[in-house]
Amino acid sequence: IWLEWKSKARNSWTTKSQMEQVHKASCFMLLTGLLWADIKDLTFADIADGYVELIRSKNRSKQHAKSYCLALSPEAIDVVGSGKSHSLLFHCPTSNQILLDCLRFIAADLGIKKKVNIRTFRHTLLTQMALNGAGAHGIQSVAGHSRITMSQEYVRRKDQLQIQSLTNVYGV
């Protein structure tokens, strides 16, 4: 796989280690619903007793920043592993384009035909939560949405998917 990636990559200086780190970070985002902006600066010191604590702000200004604590699943903890407290959890490429190239290659390797970006994993988790019966408030608590209306969109999408599935089955 690595040789195939190197032949298709735009930037030949992306390393196998970076590719593995992007894969690891992608799994963590899928398991937590956190954004790339939330996890790129996390260190092992930010994780304790099965929780991750971070500062979240849409515009990253200290004036509007909010402390956020999220319980981690055992799978998310396994993805992170262990390390020195001051070490970053993920050592991913700093270039957004290289990060996207890695994500798209990983998705293609997994047979995912949809065009992916760094928000895909978050949307997947939140949609799966809605499909499995989570209400808007549950989705809001994981996503950290400041307004419930954003979380309600995932519940609406679930309803639309159910209607579409019934239409496909019954041809209505």
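Keep in mind that what you see is a predicted model, and the values were worked out from it rather than measured.

**Considerations on the packing of aromatic side chains**
Applying the stated criterion across every chain, the model contains 1 aromatic pair. Centroid distance Phe-28 to Phe-90: 5.4 Å. Interplanar angle 50°. Geometry classified as tilted. Here the residue Phe-28 occupies a position in helix 2 (residues 16-32), and Phe-90 occupies one in the loop between helix 4 (74-80) and helix 5 (96-109), the gap between them amounting to 62 residues. With respect to burial, Phe-28 and Phe-90 carry one shared label: buried. In this structure, Arg-157 is placed above the aromatic ring of Tyr-154, and the distance from its NZ or CZ to the ring centre is 4.8 Å.

**What to know about the confidence of the model for the protein**
The predicted structure's coordinates, where accompanied by low pLDDT, should not be read in detail. Model confidence for the protein is summarised by a mean pLDDT of 82, while 86% of its residues fall at 70 or above. The secondary-structure element of the protein with the lowest mean pLDDT is helix 1 (residues 2-8), recorded at 50, while helix 4 shows the highest, at 94.

**Describing unusual backbone geometry**
Phi is positive for Asp-49, which is not a glycine, with a value near 50°. Mapped onto the fold, Asp-49 is located in the loop between strand 1 (47-48) and strand 2 (51-56).

**Some words on the pattern of salt bridges**
All told, the structure shown has 2 salt bridges when counted by the stated rule. Note that Glu-153 and Arg-156 form a salt bridge whose closest N and O atoms lie 2.5 Å from each other. Remark: Arg-156 and Glu-153 occur in helix 8 (residues 148-170); sequence separation between them is 3 residues, near one turn of the helix. A relative accessible area of 40% means that Arg-156 is categorised as partly exposed. Among the ionic pairs, Lys-158 bridges to Asp-159, the shortest N-O distance being 3.5 Å. Residue classification places Asp-159 among the partly exposed positions, given a relative accessible area of 34%.

Rules behind the numbers
- Residues numbered from 1 in each chain as written.
- Predicted model: local features only at pLDDT ≥ 70, side-chain atom pairs only at ≥ 80, totals over all residues.
- Heavy atoms only, no water.
- Phe/Tyr/Trp six-rings, centres within 6.5 Å; stacked < 30°, edge-to-face > 60°.
- Helix = DSSP H or I, 4+ residues; strand = E, 2+ residues; numbered from the N terminus.
- Buried < 20%, exposed > 50% of the residue type's maximum accessible area, 1.4 Å probe, protein only.
- Lys NZ or Arg CZ within 6 Å of the ring centre and 35° of its normal.
- pLDDT = per-residue confidence, 0-100.
- Salt bridge = Lys/Arg side-chain N within 4 Å of Asp/Glu carboxyl O.

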